[in-house]
Amino acid sequence: FKQGSGVDIPCNMDFLKLHANEILLDSVCKLLETHWPKNRDMRKKHLNVNPNPTLPMSIVMLEGTEVIGHYRLFESLESRQWCIVESLIISPEQRGKGLGGALLANCIQLAKSIKMEKLYLSTKDQVGFYEKYGFQKSCAVSILTKVNAIFRNRNLVPVSVPSSNTSVWMCKDL
């Protein structure tokens, strides 16, 4: 085991940026479809493999050569020092082994390394899990998309789509 932000991570686990490992894109899509069904082509477009070392950024957790986890970070529209994590997931076969905590620890470490001050997320059924890692319930925030970035650069007010009314927004100060 290796230590990662207070969480033990099995030695055979690696965390890779999806944009630098596009060969993993189909495996990531398959993993995401286990919890959030969506058209594969639409999902690939949504993941928008970003060649820049900036947000948005998808991170893949590997055990050997198998994709077993994923998360994606976006910049918040409210502040350039806030980010939002979405699609944090561990494969169904790997759940219950503490790997979700290792994946979340990696996410927190990455957000800190790019000088973020707050990390937000939205969840429907994992409030208790995130509370164990210091997240608290909060108000909703908007993701900075390419369209919203254009609005920001032109000082226009973007229209944001509200999240599902069954979701709970949470925040962690970094």
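For the structure, see preceding data.
Anyway, here's the lowdown on the structure attached to this text. As the structure is a computational prediction, the values presented were derived from the model and not from experiment.

Another aspect to go through is the overall build of the chain. Each helix and strand counted, the chain has 5 helices and 9 strands in total. What you see in the chain, going N to C, is helices and strands ordered as β-β-β-α-α-β-β-β-α-β-α-β-α-β. Looking at the chain as a whole, 42% of its 174 residues are labelled buried. Across the chain, contacts joining residues at least 24 apart in sequence account for 65% of those joining residues at least 6 apart. On the chain, roughly 9,800 Å² of surface is accessible, and the fraction owed to carbon and sulfur atoms is 51%.

Let us now look at the sheet that holds strand S6 (residues 82–90). Spatially, 7 strands are ordered S3-S4-S5-S6-S7-S9-S8 in an open sheet, and the strand pairing comes out mixed. Strands with a single pairing partner mark the edges of an open sheet, and in this sheet they are strand S3 (13–17) and strand S8 (136–137). The sheet contact formed by S6 and strand S7 (residues 118–123) spans 3 bridges and is parallel. When the bridges of S7 are listed, cysteine 83 appears paired with leucine 119. Helix-sheet contacts for helix H1 (residues 25–33) involve strand S4 (57–63), strand S5 (66–75) and S6, and the interaxial angle to S5 is about 85°. Where helix H3 (residues 99–113) meets the sheet, its contacts fall on S3, S4, S5, S6, S7 and strand S9 (168–173), and the angle it forms with S5 comes to roughly 35°.

The next thing to look at is the environment of leucine 47. Among the structural elements, leucine 47 can be located in helix H2 (residues 40–47). For leucine 47, a relative accessible area of 2% translates into the label buried. Taking the C-alpha atoms as reference, leucine 47 lies 9.5 Å from valine 28; in sequence the two are 19 residues apart.

The residue serine 87 is not glycine, and still its phi comes out positive at about 55°. When you line up the elements, serine 87 lands in strand S6. For lysine 115, which is not glycine, the phi torsion reads 65° and is therefore positive. Note that lysine 115 resides in the loop between H3 and S7. What makes lysine 115 exposed here is its relative accessible area of 65%.

Procedures and definitions
- Residues numbered from 1 in each chain as written.
- Predicted model: local features only at pLDDT ≥ 70, side-chain atom pairs only at ≥ 80, totals over all residues.
- Heavy atoms only, no water.
- Helix = DSSP H or I, 4+ residues; strand = E, 2+ residues; numbered from the N terminus.
- Buried < 20%, exposed > 50% of the residue type's maximum accessible area, 1.4 Å probe, protein only.
- Contact = heavy atoms within 4.5 Å.
- Areas by Shrake-Rupley, 256 points an atom, 1.4 Å probe, with all protein chains shown as cover.
- Pairing = 2+ DSSP bridges.
- Axes fitted to C-alpha atoms, helices over the stretch in contact; angles between N-to-C directions.

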